[in-house]
Amino acid sequence: MRDPVKTTYGGAVPETPDPISEAHRQWSLRWPEHADHMAAVTSVMRAQQLLLSRIEAVLKPYALTFAAYEALRLLAFTRTGTLPMGKMGTRLMVHPASVTNVIGRLERRGLVGRGPSPDDRRVVLARITDAGRDLAEEATRALNESGFGVAGLPAAHAAEITTALRQVRLATGDLAEAGGEGQ
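Residues numbered from 1 in each chain as written. Predicted model: local features only at pLDDT ≥ 70, side-chain atom pairs only at ≥ 80, totals over all residues. Heavy atoms only, no water.

Q: I'd like a description of helix α5 (residues 96–108), backed by residues and values.
A: The end-to-end C-alpha distance of α5 is 18 Å, a good match for the 18 Å that 13 residues give at a rise of 1.5 Å each. Within α5, the full set of buried residues consists of Val99, Val102, Ile103, Gly104 and Leu106. Looking at the buried side of α5, the elements it contacts are α3 (66–77), α4 (85–92), β4 (112–116) and β5 (124–128). Taken from the residues just after α5, Gly110 is the one with a positive phi, measuring 75°. (Helix = DSSP H or I, 4+ residues; strand = E, 2+ residues; numbered from the N terminus. Expected span 1.5 Å × (residues − 1). Buried < 20%, exposed > 50% of the residue type's maximum accessible area, 1.4 Å probe, protein only. Contact = heavy atoms within 4.5 Å.)

As structure tokens, then:
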């Protein structure tokens, strides 16, 4: 029989208690009215660390971070292969400086180009190149094949997580109650 393995921040450690369960226990003794919220937030943060690590491992052969992949994929989804930099920040839910940095790195690799909009020269457009489109397709295939790091999670559970996290997004003001069509 195998020894149980618990995952911690630094990696798998045999025979250690779940740190989030232990934190919940400690909170329950001191601040019971806050224990479930603390455990929920800590669990989401830990899941984010685990998933980002798995996603970035899949993207490593393509020399892409998840942020760079998202930018390429967003541009590849557009009809024209272009988007204003400001709109990219909004759609990617990141600060404009982050978009500028990611697009700059992709541009140096020849995966995107940047230039003024023909309609409004104050607007800077990012444009995916053929090489960027090809790389986005290859990386997407790899991510799909990996199950986005959670291949062992049934699709119904993934949908439940999305629904539950939508409630978090609503509670934190990321979404308007009536807005945000789809998931």
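Q: Residues and numbers for the pattern of salt bridges, please.
A: According to the stated counting rule, one finds five salt bridges in the structure shown. Note that Arg25 and Glu22 form a salt bridge whose closest N and O atoms lie 2.8 Å from each other. Of this pair, Arg25 and Glu22 both sit in helix α1 (residues 19–30), three residues apart, which is roughly one turn of the helix. Accessibility expressed as a relative area gives 41% for Arg25, which makes it partly exposed. Judged by relative accessible area, which is 31%, Glu22 ranks as partly exposed. For the salt bridge of Arg122 with Asp120, the shortest nitrogen-to-oxygen distance reads 2.9 Å. (Salt bridge = Lys/Arg side-chain N within 4 Å of Asp/Glu carboxyl O.)

Q: Give me the nonpolar core: which residues, what numbers.
A: One finds Leu64, Leu72, Leu75, Met88, Ile103 and Leu106 to be the most contacted residues of the largest nonpolar core, which totals 29 residues. Elements with a contribution of two residues or more to this core: α2 (32–59), α3, α4, α5, β5 and α6 (130–145). With seven residues, α3 is the largest single contributor of residues to this core. Leaving out residues up to four positions away in the same chain, Leu106 has contacts with Leu64, Ala68, Ala71, Leu72, Leu111 and Val112. (Core = buried A, V, L, I, M, F, W, Y, C linked by side-chain atoms within 4.5 Å.)

Q: Please give an account of the sheet that holds β5 that cites residues and values.
A: If you trace the three strands from one edge of the open sheet to the other, you get β3-β5-β4, paired in antiparallel fashion. Where the open sheet ends on each side, the last strands, each with one partner, are β3 (82–84) and β4. Geometrically, the sheet is characterised by an average inter-axis angle of 25° between neighbouring strands, direction not taken into account. In this fold α4 packs onto β3, β4 and β5, with an angle of close to 90° to the strand it touches most, β3. Here α5 sits on the sheet in contact with β4 and β5, set at roughly 120° to β4. (Pairing = 2+ DSSP bridges. Axes fitted to C-alpha atoms, helices over the stretch in contact; angles between N-to-C directions.)

Q: A description of the environment of Glu56 should follow, citing residues and the corresponding values.
A: With respect to the helices, strands and loops of the structure, Glu56 is situated in helix α2. Along the sequence, Glu56 and Tyr69 sit 13 residues apart, while their C-alpha atoms lie 9.6 Å from each other. The contact partners of Glu56, leaving out residues within four places of it in the chain, are Thr65 and Phe66. Among the polar contacts made by the side chain of Glu56, one reaches the main-chain amide nitrogen of Phe66 at a distance of 2.9 Å. (Polar contact = N/O pair within 3.5 Å; in protein donor to acceptor, adjacent residues only side chain to side chain.)

Q: If you had to explain α6 to someone new, which residues and values would you point to?
A: Counted at 1.5 Å a residue, the expected span for α6 with its 16 residues is 22 Å, and the 23 Å between its end C-alpha atoms agrees. Taken together, the buried positions of α6 are occupied by Gly132, Leu135, Ala136, Ala139, Thr140, Ala142 and Leu143. Seen along its axis, α6 keeps its buried residues to an arc of 160°; they face one direction. Opposite the packed face of α6, turned more than 90 degrees from it, sit the exposed residues Asp130 and Glu145. Elements that come into contact with the buried residues of α6 comprise α2, α3 and β5. Positioned one or two residues after α6, Gly147 has a phi angle of 65°, which is positive. (Arc of directions from axis to C-beta.)

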